[in-house]
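Structural features, examined
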Amino acid sequence: MKDPRIEKLAKNLINYSVQLQKGEKVLIENFGLQRELVTALVKEAYLAGGYPFVLLKDHQVDRSLLLGAQEEQFNMMAEFEANVMSKMDAYIGLRSGDNISEQSDVPDDKMKVHGNTIGKKVHRDIRVPKTKWVVLRYPTSSMAQLAKMSTEAFENFYFDVCNLDYGKMDKAMDSLKELMDRTDKVRITGPGTDLSFSIKDIPAIKCAGRLNIPDGEVYTAPVKDSVNGVITYNTPSPYQGFTFENVKLTFKGGKIVEAESNDSSRINKIFDTDEGARYIGEFAIGVNPFILNPMQDILFDEKIAGSFHFTPGQCYDDAFNGNHSNIHWDMVNIQRPEYGGGEMYFDEVLIRKDGLFVIPELEVLNPENLK
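Residues numbered from 1 in each chain as written. Predicted model: local features only at pLDDT ≥ 70, side-chain atom pairs only at ≥ 80, totals over all residues. Heavy atoms only, no water.

What follows concerns the state of the cysteines. Under the counting rule described, the total for this entry stands at 0 disulfides. Its sulfur unpaired, cysteine 162 is 15 Å from the next cysteine sulfur, which belongs to cysteine 207. Lacking any disulfide linkage, cysteine 207 is separated from the closest cysteine sulfur, that of cysteine 315, by 14 Å. (Disulfide = S-S within 2.5 Å.)

For the rest of this paragraph, the subject is the packing of aromatic side chains. Across all of its chains, the model carries 16 aromatic pairs by this definition. Each ring, one from phenylalanine 197 and one from phenylalanine 310, has its centre 5.0 Å from the other, and the planes form 40°; the classification is tilted. Of this pair, phenylalanine 197 sits in strand E6 (residues 193-198) while phenylalanine 310 is found in strand E16 (residues 307-312), placing the two residues 113 residues apart along the sequence. For the residue pair phenylalanine 197 and phenylalanine 310, the accessibility class agrees, reading buried in each case. (Phe/Tyr/Trp six-rings, centres within 6.5 Å; stacked < 30°, edge-to-face > 60°. Helix = DSSP H or I, 4+ residues; strand = E, 2+ residues; numbered from the N terminus. Buried < 20%, exposed > 50% of the residue type's maximum accessible area, 1.4 Å probe, protein only.)

Moving on: the side chain of threonine 235. Along the polypeptide, threonine 235 turns up in the loop between strand E10 (228-232) and strand E11 (237-239). A residue is classified by how much of its surface remains accessible, and threonine 235, at 5% relative accessible area, is buried. At a separation of 3.0 Å, a polar atom in the side chain of threonine 235 contacts the main-chain carbonyl oxygen of valine 332. (Polar contact = N/O pair within 3.5 Å; in protein donor to acceptor, adjacent residues only side chain to side chain.)

Between the first and last C-alpha of helix H4 (residues 71-85) there are 20 Å, a value that for 15 residues agrees with the 21 Å anticipated at 1.5 Å per step. Phe74, Ala78, Glu81, Ala82 and Met85 are the residues of H4 that are buried. Buried positions in H4, seen along its axis, are confined to an arc of 105° and lie on one side of it. Along H4, exposed side chains directed more than 90 degrees from the buried face belong to Glu72, Met76, Glu79 and Phe80. Against the buried residues of H4 lie strand E1 (25-31), strand E2 (51-57), helix H3 (59-67), strand E3 (90-95) and helix H5 (108-130). (Expected span 1.5 Å × (residues − 1). Arc of directions from axis to C-beta. Contact = heavy atoms within 4.5 Å.)

Take the packing of helix H1 (residues 4-17) against helix H7 (residues 151-162) next. The N-to-C vectors of H1 and H7 enclose an angle of 30°; their axes lie 10 Å apart at closest approach. Accordingly, the angle class assigned to the pair H1 and H7 is roughly parallel. Of the two elements, H1 crosses H7, and the hand of that crossing is left-handed. Where H1 approaches H7, its residues Arg5, Ile6 and Leu9 are matched on the opposing element by Glu155, Asn156, Tyr158, Phe159 and Cys162. By residue class, the composition of the contact of H1 with H7 is 5 nonpolar, 1 polar and 2 charged. (Axes fitted to C-alpha atoms, helices over the stretch in contact; angles between N-to-C directions. Parallel < 35°, antiparallel > 145°, perpendicular 65-115°, else oblique. Left-handed = near helix turned anticlockwise from the far one by under 90°. Nonpolar A, V, L, I, M, F, W, Y, C, P; charged D, E, K, R; others polar.)

The next thing to look at is the pairing of E3. For a regular strand, side-chain orientation follows a simple rule: the groups alternate between the two sheet faces. Taken across its 6 residues, E3 has 6 buried, putting it largely inside the fold. Across 6 bridges, E1 lies against E3 in parallel orientation. Bridge pairing in E3 links isoleucine 28 to isoleucine 92. Across 6 bridges, E3 lies against strand E4 (residues 132-137) in parallel orientation. Among the inter-strand pairings, leucine 94 is bridged to a residue of E4, identified as leucine 136. Chirality of the crossover, the property in question, places the unit of E3, H5 and E4 among those that are right-handed. (Pairing = 2+ DSSP bridges. Right-handed = clockwise from strand over helix to strand, strands pointing away.)

This brings us to the side chain of arginine 352. Structurally, arginine 352 can be placed in strand E19 (residues 349-353). No salt bridge is formed by the buried arginine 352; the nearest opposite charge belongs to aspartate 354, separated by 8.8 Å. Separated by 3.3 Å, the side chain of arginine 352 and the backbone oxygen of glycine 306 make a polar contact. Setting aside residues no more than four positions away along its own chain, arginine 352 makes contact with Ile285, Gly286, Gly306, Ser307, Phe308, Gln335, Gly342, Glu343, Met344, Phe357 and Val358. (Lys, Arg positive; Asp, Glu negative; His and termini not counted. Salt bridge = Lys/Arg side-chain N within 4 Å of Asp/Glu carboxyl O.)

The structure is reproduced here in C-alpha cells:
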C-alpha cells in the first residue's frame, strides 16, 4: 500500500522546494535505493511538465571506489557528472543508508581526492550556484537507532518534520533576517563558550524548505578575520565517517588556533586540509520546532530548535565572506536549558536566551508559534 506521506513529500519537493517548471530538467540522485520516493518524484516531475533524470548510487560501492581513488580517474568521473549537472535546471539529492560510518576507514588522502574533484567540480562549482537544489535524507532503521527511537516512531517524526508548513516558516523568518542584515557585532555565551564576531554587511539567508529537507535556519557568515574567543560544541559531529565529540575551538583574528576533541590529532588534520579550513564560512540559527535532540545527521541537527551552528570552511556565495576551502563542516551548539543554556547578543542586545527568542519581533520563531 502506498504511503500518502511519501506522495505529499514528493509533491512538496517538486513544486515548493525546487519549483520545477514546464520544460525544466531535474536530476534525482539517490544514495541508497529508495524506490518509493524516487518513483514518486519522477511522477511529480512529469506532472509538473518537467524532465526527470535519475542517478542511483550506493555507499558501499562508493567506499570501494574511494579506497582505490586516483586523481586522474576521479577527474574523469567529475567531468562526466559535471557534464550532466551543467544541463540540469534542478537537483534533488536523496541520501539514505544503513551505516553512517561506511567511509570511516577511507584514508584522508583518498577523501581529499573526492573533495577536490567531484565535490568541487560538480557540486560546489555547478550544482550549488547554478541549479535549484534540495538535499534530504530518507528514514532508515539506522537513523532511528541514532535518534534513539523505534523505527515506526522515527518515521512518524520524519514525516512531521519534512511535511510541515514551510511557507509559514518562511514568512516567520523575515524579522530575523531583517535584524541580522542590520547587525554588526554578535556575542554568544554559554558553558565553555564565549565567542564574538561581526556579521556586518554580509547578507542573511532564510532556509525554509527550498535547499534542505528538513529545514529551519537563517544563515550568514562572520567577517572572516573578526572571530575571537572560544566555542565548545555540545552535540556529536560526524565527519568523514568518524564521530567527533567535545569539540572545543579557540579563535584569534578569525583563525582556529587551537582545536580539541575526543581525537585532537584527527580533527587538526581536517583543519589542515587547506588554509580556509581554519576559518569560519557560516553562522546559522536553527528554529525547526519538531527537531529537539541531535541524531548525528547534520541535515537534522543543524535545524534543532534553540541551536546555532558555526561552520569551519567554505562560505556560501550568497553570504560571501571571502573564505574558500574544500571542507564545510556544520557543527552544532544547542542552547536550551537541558543542554546547559546560553545567550546570544546582537549589538549588545540580548535576542535569545536558553534557546528562546526574547524580543517581541522574533517570538514568532519560538517553537509554539511554528508548529
